[in-house]
There are 2 protein chains.
Amino acid sequence: MKRLAHYLPILEWGREYNRKLLASDMLAAVIVTVMLIPQSLAYALLAGLPVEMGLYASILPLLAYGLFGSSRSLSVGPVAVVSLMTASAAGQVADTGTVGYIEAATLMALMSGMFLLLMGVLRLGFLANFLSHPVIAGFIAASGIIIAISQLKHILGIPAQGDNLMTVSASLAEGLATVSLPTLLLGVGVLAFLFWVRSGLQPLLQRWGMREYPASMLARTGPVLGVIGTSVIAWSLALGDKGVVLVGDVPGGLPPLELPELANPAWRELAVSALLISIIGFVESVSVGHTLAAKRRQRIAPNQELLGLGAANVAASVSGGYPVTGGFARSVVNFDAGAQTPAAGMFTALGIAVTALFFTSWLTYLPQATLAATIIVAVLPLIDLSILKRTWQYGRSDFAAVATTMAATLTLGVESGVACGVLASLALHLYKTSRPHMAVVGEVPGTEHFRNIDRHQVQIHQHILSLRVDESLYFANASYIEGRLYELLAERPAVKDVILMCTAVNEIDLSALETLESINLRLAESGIGFHLSEVKGPVMDTLQRTQFCQQLNGRVWLSQHQAVTTIAGEREERVSASDPLPVDQTPKPGAVAEE
Amino acid sequence: MKRLAHYLPILEWGREYNRKLLASDMLAAVIVTVMLIPQSLAYALLAGLPVEMGLYASILPLLAYGLFGSSRSLSVGPVAVVSLMTASAAGQVADTGTVGYIEAATLMALMSGMFLLLMGVLRLGFLANFLSHPVIAGFIAASGIIIAISQLKHILGIPAQGDNLMTVSASLAEGLATVSLPTLLLGVGVLAFLFWVRSGLQPLLQRWGMREYPASMLARTGPVLGVIGTSVIAWSLALGDKGVVLVGDVPGGLPPLELPELANPAWRELAVSALLISIIGFVESVSVGHTLAAKRRQRIAPNQELLGLGAANVAASVSGGYPVTGGFARSVVNFDAGAQTPAAGMFTALGIAVTALFFTSWLTYLPQATLAATIIVAVLPLIDLSILKRTWQYGRSDFAAVATTMAATLTLGVESGVACGVLASLALHLYKTSRPHMAVVGEVPGTEHFRNIDRHQVQIHQHILSLRVDESLYFANASYIEGRLYELLAERPAVKDVILMCTAVNEIDLSALETLESINLRLAESGIGFHLSEVKGPVMDTLQRTQFCQQLNGRVWLSQHQAVTTIAGEREERVSASDPLPVDQTPKPGAVAEE
């Protein structure tokens, strides 16, 4: 039972479920449902899919996540960035509006779900750590820009295509001559209304005497008011005949339950996209989940989240949906509205199901421009360029990673963008470790502590070179370190002993060991002693599997202080009284045979 | 002048050239020429090219390297691994024996030369460091296996194709029914002769009273004796009519000087291969160059080597050759024969040119089996599987890198093999740094030195957790470290202060800083102090660009000893006399405002 509860968190929180939690969850569900209806439709439009698929993607996936997910407040469903990525991938194998396009989107939900489940079973959640915060921030900001600009076509009432800034802008510019004035008026109007709702409605309601919480919740219903208002306008003025594109007939009822066509030959082309969607969706979801859980001192389990999101995507694929993940905006609303358990998401699913069953006919007169305006207002907060400033101030390599990610996303599209970002951040990290900082160190007077001679007032001995290498020794930096050591020695002809202070050396791989052996030989030929100090346990374990310590033309010292004191003492033929002998590196079992 | 000499090492060594050096270089050149003739022909055969291209690749490239190269003993020309890679790449765009195949090989020499020159100008020699020793060793051993097995077809006298172990073996097995007996007899005979020459001739000559040096040099002429002997046998017994494949007519004269067809549409397909050939060739050459230079206490300049090898490859491409690099066997012979300057290589080029001019008609009756035997004997020393044992004993990740490289090379071919090897070694390194070793540390009695409590007998304070993270803090490990810290705290409810000992922290990137901020907040809420100690200069510089040190719910300490002594003292409300105050992290200008 406990074992099962490990994989089915519902068995844990479900046992403590009570009327009070039920009331909180129900209230949150109502508010989230009202907010979700226009957003689900809008994101389906963004993904280039029929709007009802947005609803379908907000029913079964929420139930599935409720069973397997570990976050108590995450709200799963269609989100902006994943919708854009779906459009970008499906657009490569079929034209928007075709059956092939829809099948590609459903297939991607299935593949993405399988990838997530597989990663969950193999406990590969840690892979998400290789996406650095700056890369994610840059990617989301750039995606937001592409999304906002791509939605302008619905506001302007012109056709436009493209999945990166260039193609979208070019396509928009081309269509400018054919702008539909009624669409533009309606679109700008609803945009202005939604912006006002976002910033002005809550203060107004509070000034009217409403308390903060209901005012803030009522302000969230802005998009629904926009949907209803513009539908009424479009119906009463017959805008559909005046060039305003309406959503049109939306089939009512619940989605059909069926597996997507598995023999779809497009799966090979879509596999990489599905993997990227899985990873981006997982990272987005986990970071939202972490943030919200931390506020209530709860924790989420990344590997369990993989299972929850995987189940949600598989559920999306068998119920006519498309890839889903935990969204930021909806989860915050869910959290603020007081959701206490994943049951809130399950009740939301019920709400959306009721909508799909009974209210789809109301969507016939809904202008697409209204949905586009909803998307634009939703994604603008994502376009947070402060990450550029923050990284610029902090460090060049973080900035370079963000800039690469944003530039690649804007110019090459979302998939290449995130791939370039990850590769750039890893390459920068590797480059830095391949040219490590090295400091000549001396003793801080009155202590046993050694610091950089260029930064601190320290004592040094002319014939001892104490060198601290600030990196593990491995293949990518071994020859750089060797070269620098010889340079430093060339500048100091008086040196008779070199002590490599290994405080920052967390690993010595075979390539680096070979380099150390060659340094040892060369120093021995020149009559210079070669010592190591403060070698860590795990590194020492590895070295003891070789002959290195026996061949060493010097000793391995427990501390830099002991090394310098003893060597200086021996050279001057007067042994310091306080440290008469070199202390062995490993006083516990497995001591190294010195010299 | 000095500036120019920097790029043209010949201007440096050329000024000190004298009769004594000339004599040494001439002698070495004669010996290397005799050894090179059969090898050049054989490697051209291995590359699937007409044998004369091997000679052409041993003339102008040697002159070009002599002008630009920095190694005094490296011998440049066709080598086994690069020949195999050329065959593998050219085979993808054209069939062996066609004009397109030859053009592809020449074009690859040009592209490879351009890549090398570009990397030299941009000083990108350091990139070669990302190829670890185990990866190179595994790659060369696996290539040697493929080469040796692929040459069996010439010994057996059957046709066979393929560039990896599977395809070659399958192709050989298929042809076994059509083995040519005369070819097999001749091939096995010459193989046995060459093995005997390699191991038995020098001791025999010495037993006959010859001194070591001339005996060793004479033994190097084995392949030439094999060439002459089997040619005479093939001519006298008319073996060409009995199914033994002979080299046949080889055009005499020097190679025509002309640029390869630049409009060759295959260049896109060949570009990646050319880049890989450049890098592998460079790494092989530099490692040979380093080894030999170290023996005479000389150094080579990797970025200058890029220029030398680049010039050599461009020279190969305009004179009917194919990709070349510095070879191990020939360089050792050159070195042992007493070559003192790159002039030895230039004289060797003269020797090969004379051969091409006057002696090609002698090659008509040369059996291909002889050349194949030459290759097999030459590559067997490359198949050094001891690297597997050595890495197995040393460390699992080095072993995994070698095993991946060898398996990928044998099953997928040379190009995928080396790419998989590099990616595997980098991925393993990143994986290790993403789950760093962390040690709870305590003070070694009688010192100011802190070590792992699990390995050493140390003093600890119940309410202080001293934690040493053995890795830089960066995006890939930030959340792992956060999780581990909370686990350690959960096991130690008495802890009131956490000190992160940053001796091994060489960088804190923005993602890790955000994690530290969140740890700081959470510990503050639990009333636990959060301190850093022994933060290095460059890391402190970065932190000071942020508000982190001001927000820190604790202090930044110069040394772990001072941190523990002072905090323990304050908690017990008796301040230790020797360390009355926390010492500032940065006594020199730019001190951090603490607390």
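Everything here concerns the structure above.
Bear in mind the structure is a predicted one, so any value in this text is a computation, not a measurement. (Residues numbered from 1 in each chain as written. Chains lettered and ligands numbered in written order. Predicted model: local features only at pLDDT ≥ 70, side-chain atom pairs only at ≥ 80, totals over all residues.)

Trainee: Please set out the sheet that holds strand β8 (residues 556-557) of chain B residue by residue, giving values where relevant.
Mentor: All names here are of chain B. With mixed pairing, six strands are arranged side by side in an open sheet as β4-β3-β5-β6-β7-β8. With one partner strand each, in any of the chains shown, β4 (450-452) and β8 form the two edges of the open sheet. By the bridge criterion, three bridges tie strand β3 (residues 438-443) to β4 in an arrangement that is antiparallel. Along β4, the bridge assignment pairs Glu443 with Phe450. In the packing of helix α21 (residues 478-491) onto the sheet, contacts are made with β3 and β5 (464-469), and the angle to β5 comes to roughly 155 degrees. (Pairing = 2+ DSSP bridges. Helix = DSSP H or I, 4+ residues; strand = E, 2+ residues; numbered from the N terminus. Contact = placed C-beta atoms within 7 Å. Axes fitted to C-alpha atoms, helices over the stretch in contact; angles between N-to-C directions.)

Trainee: Quick one: what's the story with the sheet that holds strand β5 (residues 464-469) of chain A, residue by residue and with numbers?
Mentor: The pairing of strands in a sheet comes from backbone hydrogen bonds and takes either a parallel or an antiparallel form. All names here are of chain A. Strand order in the open sheet formed by six strands is β4-β3-β5-β6-β7-β8, and the pairing between neighbours is mixed. Across the chains shown, the open sheet's two edge strands, defined by having one partner strand only, are β4 (450-452) and β8 (556-557). For strand β7 (residues 529-533) and β8, the ladder comprises two bridges, and the chain directions are parallel. In the sheet register, Leu532 faces β8, and the bridge partner there is Val556.

Trainee: Can you tell me about unusual backbone geometry, naming the residues and giving the values?
Mentor: Backbone geometry places A:Ala238, a non-glycine residue, at a positive phi of 50 degrees. Of note, A:Ala238 is situated in the loop between α12 (222-236) and α13 (267-295). Look at B:Arg123: it is not a glycine, yet its phi comes out positive at around 55 degrees. In this fold, B:Arg123 is placed in the loop between α7 (99-121) and α8 (133-156). On the basis of neighbour count, B:Arg123 is assigned to the exposed category, with 10 C-beta atoms found within 10 Å. (Buried ≥ 20, exposed ≤ 12 C-beta atoms within 10 Å, placed from the backbone.)

Trainee: Lay out the interface of chain A and chain B in plain terms, naming residues and giving numbers.
Mentor: Between chain A and chain B, the residue contacts involve 51 residues of the former and 51 residues of the latter. Top contributing element to the side of chain A that touches chain B by residue count: helix α20 (residues 414-434) of chain A, with six residues. Residues that form the side of chain A that touches chain B fall into these classes: 16 nonpolar, 23 polar and twelve charged. (Nonpolar A, V, L, I, M, F, W, Y, C, P; charged D, E, K, R; others polar.)

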